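Spelled out, the chains give:
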Amino acid sequence: MRKLFQNFIKCGILGWCLEISFTALQSLRRRDLTLKGTTSLWMFPIYGAGCLLAPFFRLFGHLHWAARGGIYALLIFSAEYLSGRLLWKKGLCPWDYEKARWNIGRVIRLDYLPCWAATGLLMERATRDA
């Protein structure tokens, strides 16, 4: 149980840091050199839930990194969709992809697949036993 909690914290912090960095870098497209990154407190438990992927990390550990990343991206898409729809029903969803070309239900962007694959691989690494 302690390991699960530690991995929850690791994945939550990792997710927050990645999101803040990602949104800050997107400001460059707007020529905003303040590089302000944003996130929401709701995102910590959502990213922290990445610790629940640990059984998949072990199950697919023998596969090539690209295959593992693709599988992790699909699992993360599922979690993003479920959490997004739940938050949306409560009027609390901090993201809205309605204007994105490849969105599904306003809560998933298919063009983010490479980002989620990389996130899954980073979470795999972060939760690996030392």
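Residues numbered from 1 in each chain as written. Predicted model: local features only at pLDDT ≥ 70, side-chain atom pairs only at ≥ 80, totals over all residues. Heavy atoms only, no water.

1. Some remarks on the overall build of the chain
Counting its secondary structure elements, the chain contains five helices and two strands. Radius of gyration (C-alpha) of the chain: 15 Å, near the 14 Å computed for a compact globule of 130 residues. Taking the principal axes of the C-alpha coordinates as reference, the chain spans close to 40 × 30 × 30 Å. A total of 130 residues make up the chain; the buried ones form 35% of that total. Sequence-distant contacts, at least 24 apart, represent 57% of the contacts inside the chain between residues at least 6 apart. (Helix = DSSP H or I, 4+ residues; strand = E, 2+ residues; numbered from the N terminus. Rg over C-alpha atoms; globule rule 2.2 N^0.38 Å. Buried < 20%, exposed > 50% of the residue type's maximum accessible area, 1.4 Å probe, protein only. Contact = heavy atoms within 4.5 Å.)

2. A few points about the pattern of salt bridges
If you walk through the whole model with that rule in mind, you get four salt bridges. When the shortest N-O distance is used, the salt bridge between Asp96 and Arg106 registers 2.7 Å. One end of the pair, Asp96, is in the loop between α4 (65–89) and β1 (103–104); the other, Arg106, is in the loop between β1 and β2 (108–109), with ten residues separating them in the sequence. Taking relative accessible area as the criterion, Asp96 reaches 38% and is therefore assigned partly exposed. The closest approach of N and O atoms between Arg106 and Glu98, which form a salt bridge, is 3.4 Å. Residue class for Glu98 comes out partly exposed when judged on its relative accessible area of 46%. (Salt bridge = Lys/Arg side-chain N within 4 Å of Asp/Glu carboxyl O.)

3. So, helix α1 (residues 2–26)
Counted at 1.5 Å a residue, the expected span for α1 with its 25 residues is 36 Å, and the 36 Å between its end C-alpha atoms agrees. Turning to α1, its buried residues are Asn7, Cys11, Gly12, Leu14, Gly15, Glu19, Thr23 and Ala24. Residues of α1 that are buried sit in contact with α2 (43–48) and α5 (113–126). (Expected span 1.5 Å × (residues − 1).)

4. Digging into the nonpolar core
Core analysis: the largest hydrophobic core is formed by 25 residues, its most contacted members being Phe57, Trp95, Trp116 and Met123. For this core, the secondary structure elements donating two or more residues are α1, α2, α3 (54–59), α4 and α5. With five residues, the top contributor of residues to this core is α4. Each residue touching Met123, except ones within four places of it in the same chain, is listed here: Cys11, Leu14, Tyr47, Gly50 and Phe57. (Core = buried A, V, L, I, M, F, W, Y, C linked by side-chain atoms within 4.5 Å.)

5. Re unusual backbone geometry
In this structure, Leu35 is a non-glycine residue whose phi angle is positive, near 50°. Within the element layout of this structure, Leu35 appears in the loop between α1 and α2. Although it is not a glycine, Arg106 sits at a positive phi angle of roughly 70°.

6. Quick notes on a nonpolar patch on the surface
Taken together, Tyr81, Leu82, Trp102, Ile104 and Leu110 make up a surface patch of nonpolar side chains, about 500 Å² in accessible area. For Trp102, the location among the structural elements is in the loop between α4 and β1. (Patch = residues over 30% accessible without salt bridge, like charges linked within 9 Å, V, L, I, M, F, W, Y side chains within 5 Å. Areas by Shrake-Rupley, 256 points an atom, 1.4 Å probe, with all protein chains shown as cover.)

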